[in-house]
Amino acid sequence: MSQVDLNMASSEIAATHKARLDTRGRQSFWSVVIIAPALSAVLLFFAGFGLANDSLLKLATINVIAGLGVGLFCGGTGILSLAHISFFGIGAYVASWFTIPPAIKGFLLPSMPFAIQQADWPLWLALVPAVAAAVLVGLLTGVVMRRLRDTAAVIASFGFLIISYLLFIGLKPLTNGKQSLYSIPRDALGWPLILVALVVALIVAYAAKASIAGRNAEATREDEQAARSIGIVSDNSILFLWVVSAAIMGLAGALFVHVVGVAAPSAFYLDKTFALIVMVIIGGYRSLTGAVVGAVIVTFAEEVFKKTEEFLGGFAGQELIGGIIMPQVFGLTALAFSVMILLVLYYRPDGIAGYKEVATLPWVQRRLDGWFGTANSNIAPAHYRVSETARLKTVDLHKSYGGFVAMSGTNLEVKAGQIVGLIGPNGAGKSTFINVITGNLFATSGSISLNDQDATLWSANKLAKSGMGRTFQNIRVFGSLTVLENVLTAVNVARPELGSVVAEDKARAWLHALNLDAVAQTSAEALAYGDQRRLEIARALALEPDFLLLDEPVAGMNHQETEALTALLRQVVADIGCGILLVEHDLPMVMALCDHIYVVNKGEQIADGTPAEIRADPVVIEAYIGQELDDPH
Ligand SMILES: Nc1ncnc2c1ncn2[C@@H]1O[C@H](COP(=O)(O)OP(=O)(O)OP(=O)(O)O)[C@@H](O)[C@H]1O
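Quick caveat, the model's predicted, so the values are computed rather than measured. (Residues numbered from 1 in each chain as written. Predicted model: local features only at pLDDT ≥ 70, side-chain atom pairs only at ≥ 80, totals over all residues. Heavy atoms only, no water.)

A. Representation of the packing of helix α9 (residues 191-210) against helix α14 (residues 288-313). α14 packs onto α9 with a crossing angle of 145° between their chain directions and a minimal axis gap of 10 Å. Together, Leu202, Ala205, Tyr206 and Lys209 of α9 and Leu288, Thr289 and Val292 of α14 make up the contact between the two elements. Taken together, the residues of the contact of α9 with α14 break down into five nonpolar, one polar and one charged. (Axes fitted to C-alpha atoms, helices over the stretch in contact; angles between N-to-C directions. Helix = DSSP H or I, 4+ residues; strand = E, 2+ residues; numbered from the N terminus. Contact = heavy atoms within 4.5 Å. Nonpolar A, V, L, I, M, F, W, Y, C, P; charged D, E, K, R; others polar.)

B. Highlighting unusual backbone geometry. One non-glycine residue, Asn176, lies in the positive phi region at around 60°. For Asn176, a relative accessible area of 11% translates into the label buried. The backbone of Ser180 shows a phi angle near 75°, a positive value even though the residue is not glycine. On the secondary structure map, Ser180 appears in the loop between α8 (172-175) and α9. (Buried < 20%, exposed > 50% of the residue type's maximum accessible area, 1.4 Å probe, protein only.)

C. Expanded view of the layout of surface pockets. Within this model, the largest pocket holds a volume of roughly 570 Å³. Considering the residues around the largest pocket, the lining is formed by 20 residues, among which Asp271, Lys272, Ala275, Glu302 and Lys306 are closest to the centre. At six residues, the largest contribution of residues to the lining of the largest pocket is made by helix α13 (residues 270-283). Of the residues in the lining of the largest pocket, the class split is ten nonpolar, five polar and five charged. When its volume is computed, the second largest pocket comes out at roughly 490 Å³. Around the second largest pocket sit 22 residues that line it, and Gln27, Tyr355, Thr360, Ser480 and Thr482 are the ones nearest its centre. Only α1 (24-48) and α10 (212-222) provide two or more residues apiece to the lining of the second largest pocket. Taken together, the residues that form the lining of the second largest pocket break down as three nonpolar, nine polar and ten charged. Looking at the lining of the second largest pocket, you find at least three residues from each of domain 1 (24-269) and domain 2 (391-623). (1 Å grid on protein atoms, 1.4 Å probe; cavity = no way out; pocket = protein on both sides within 12 Å on 5 of 7 lines; lining within 4 Å. Points joined across faces, edges and corners; volume = space filled by probe spheres on them. Domains from an automatic or database assignment.)

D. Region of the structure containing the pattern of salt bridges. Tallying each qualifying case throughout the model produces 21 salt bridges. The partner of Arg495 in a salt bridge is Glu544, with the nearest N and O atoms 3.2 Å apart. Here Arg495, found in the loop between α19 (483-494) and α20 (500-513), pairs with Glu544, found in the loop between α21 (529-542) and β9 (547-551); they are 49 residues apart in sequence, far enough to count as distant. When its relative accessible area of 23% is taken as the criterion, Arg495 is described as partly exposed. A residue is classified by how much of its surface remains accessible, and Glu544, at 17% relative accessible area, is buried. When the shortest N-O distance is used, the salt bridge between Arg539 and Glu536 registers 3.9 Å. On the criterion of helical spacing, the pair formed by Arg539 and Glu536 is a turn pair, its members being three residues apart in helix α21. Residue Arg539 shares its accessibility class with Glu536, and that shared class is buried. Salt bridges here are not isolated pairs; linked through shared partners, they connect Arg24, Glu218, Arg221, Glu222, Arg286 and Glu485. (Salt bridge = Lys/Arg side-chain N within 4 Å of Asp/Glu carboxyl O.)

E. Looking closely at the domain arrangement of the chain. With domains assigned, the chain is organised as domain 1 (24-269) and domain 2 (391-623). Domain 1 puts 20 residues into the contact, and the matching count from domain 2 is 26 residues. The largest share of the area that domain 1 buries against domain 2 comes from Arg215, Gln225 and Ile230, three residues that together contribute 33% of it. Summed over the shared surface of domain 1 and domain 2, the number is three salt bridges. (Buried area = accessible area lost by both parts, 1.4 Å probe.)

F. Quick look at the pairing of strand β6 (residues 445-450). Across five bridges, the pairing between strand β3 (residues 391-401) and β6 is antiparallel. Within the sheet, the bridge partner assigned to Thr394 lies in β6 and is Ile448. The sheet contact formed by β6 and strand β7 (residues 453-454) spans two bridges and is antiparallel. Bridge pairing in β7 places Leu450 opposite Gln453. Where β6 folds back onto β7 in an antiparallel hairpin, the turn is made up of two residues, including Asn451, whose phi is positive at roughly 50°. (Pairing = 2+ DSSP bridges.)

G. Looking closely at the site of the ligand. Close to the ligand lie 14 residues; Asn426, Lys430, Ser431, Thr432 and His585 are nearest. A distance of 2.9 Å separates an oxygen atom of the ligand from a polar atom in the backbone of Gly429. Within the side chain of Gln473, a nitrogen or oxygen atom sits 2.8 Å from an oxygen atom of the ligand. In the complex, 62% of the free accessible area of the ligand, which totals 630 Å², lies under the protein chains. At the level of secondary structure, the elements contributing two or more residues to the shell around the ligand comprise β4 (404-415) and α17 (430-437). When residues in the shell around the ligand are grouped by element, the largest group, three residues, is from α17. (Near = heavy atom within 4 Å. Polar contact = N/O pair within 3.5 Å; in protein donor to acceptor, adjacent residues only side chain to side chain. Areas by Shrake-Rupley, 256 points an atom, 1.4 Å probe, with all protein chains shown as cover.)

H. Spotlight on the side chain of Asn176. Looking at the element boundaries, Asn176 is found in the loop between α8 and α9. Engagement of the side chain of Asn176 in a polar contact is seen with the backbone oxygen of Ser180, the distance being 2.8 Å.

Below, the structure written as structure tokens:
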């Protein structure tokens with residue numbers, strides 16, 4: 001690391017940053033500005049000149065809308081949802097109730113309430129109850145989905161798919177069951193309406209992705225423990241994405257049945273689910289641009305595969321060269337899609353678009369930067385002040401894993417403005433201690449008090465919001481988020497009242513303080529270890545904690561980086577007045593930096609005192625046989 005710059009005393013820090021494209025809000029805005037007119041122009045060109053079948057073009061557009069819905073949820077949360085086609089089906093049925101001519105409804109759905117039976121609405125109006133119904137079911141099912149992660153979430157979504165399919169069949173008075181709803185007016189869906197729906201879906205999906213909830217869900221997707229350590233609980237963010245994506249799917253389904261003219265349960269089940277998965281995997285489920293690309297590719301590829309299947313079917317039973325009889329060809333489309341998925345997963349696991357949105361493709365970004373240039377802005381320094389009375393204290397803290405005692409009777413105190421060390425050989429229980437006092441593990445017995453409040457049973461996110469910032473022994477940054485976004489997540493928690501521009505400036509100020517400005521736009525996972533460790537510190541400081549708990553912050557750093565970080569930590573304490581608890585194997589650093597040191601060994605607290613006292617303590621020397629306790633500075 002080059003020189004540390006935490007110039008808290010200066011009144012202002014001048015920072016240079018890109019004016020337009022350095023945050024997700026602007027990237028999303030420009031992505032919509034590029035995709036919406038470009039896609040609309042291509043569709044109208046093909047439709048206007050009769051270059052492609054009108055229905056196929058409309059289905060492609062609807063697939064793009066559906067792809068945005070699924071991509072928003074799956075990309076934002078990392079959960080592969082198999083349930084989204086259910087919302088598509090709900091939108092389809094509900095819109096049909098209001099657009100099928102009343103006379104036909106009287107025959108198909110005789111027990112339907114009279115008001116709905118008499119309704120003969122234009123499609124644009126019928127979209128309102130269709131989307132509302134999808135939102136309502138999204139809210140109901142979201143109560144469960146918001147609590148689930150990983151495989152459990154996928155299986156639950158599969159359960160929803162099966163239940164909704166059975167309901168589509170079973171609720172005959174509403175759906176006409178397997179006999180299907182037909183006579184859905186196909187002429188109700190003109191190009192103006194479908195293009196407006198596309199633009200609305202693009203705006204809603206990109207706005208949801210750029211929102212704080214969207215970013216928090218992504219942070220959780222990347223690392224839930226780290227997200228909780230800065231006070232983020234993503235249950236509500238997941239619910240938000242679930243409901244917004246359900247609304248988009250409801251819209252797509254309502255449009256879909258007005259292209260095909262029929263609503264049948266089988267259209268909202270496994271085949272369509274598979275097609276949606278193919279779209280998001282091929283396009284790239286972590287970006288909405290990927291969903292758009294995937295939807296376009298899959299729609300047209302499906303048409304080509306079907307035509308090929310028909311063509312080959314014409315030769316079935318005929319003799320080919322060498323006396324081979326041409327077999328009947330079944331399932332070529334599904335087979336071809338499966339092969340496409342395998343090829344994409346093998347060569348490009350993140351899909352064609354990867355993490356990129358169209359506005360962040362290098363040549364698009366260069367062009368936009370060329371047009372709009374960069375801006376210099378004066379950013380207030382990253383600064384806050386911790387109360388001098390702040391105090392963190394543990395009394396007789398124990399932690400056992402089953403029968404194994406990892407920590408027994410730890411009594412430790414950190415005051416505002418103090419740097420306290422916690423040292424001990426490998427396996428002594430240091431990380432266990434940090435995990436217990438940050439709420440990642442619960443103590444078996446004993447108590448934790450934070451600023452004179454009993455915090456023993458507080459959750460990790462409550463502790464984070466109440467003044468505990470931490471870093472991890474095994475680095476936990478939000479890998480696919482940019483460095484700026486990593487810090488912004490914490491700024492939004494610490495200062496929810498700040499508008500987006502001020503919050504971004506605050507995040508930039510922390511990056512500047514930690515000498516990370518140059519990599520603000522880099523994905524965190526692409527940084528060198530030393531930079532990642534400093535990013536974790538920047539993220540923890542952006543939470544404006546009273547106490548900063550650092551678990552081996554210089555592991556993986558070279559000598560200069562260690563020196564620079566040591567200077568930085570001194571400056572943080574001097575300028576901000578927070579307390580630091582430092583767990584570190586670099587004993588010379590601990591000796592040079594700490595005001596007070598606690599020593600643990602095999603879970604027991606064996607000593608505490610000033611660096612001089614610890615250096616001279618025979619019990620400590622014995623625990624550290626062969627190690628250098630001297631301060632070389
Ligand atoms: N989840 C767990 N389940 C069972 N035992 C655990 C668990 N986590 C840690 N331990 C054990 O508890 C003891 C203390 O581990 P801990 O990671 O807290 O030590 P440490 O002092 O941080 O070590 P190091 O310096 O190597 O990181 C070790 O013996 C470890 O194997």
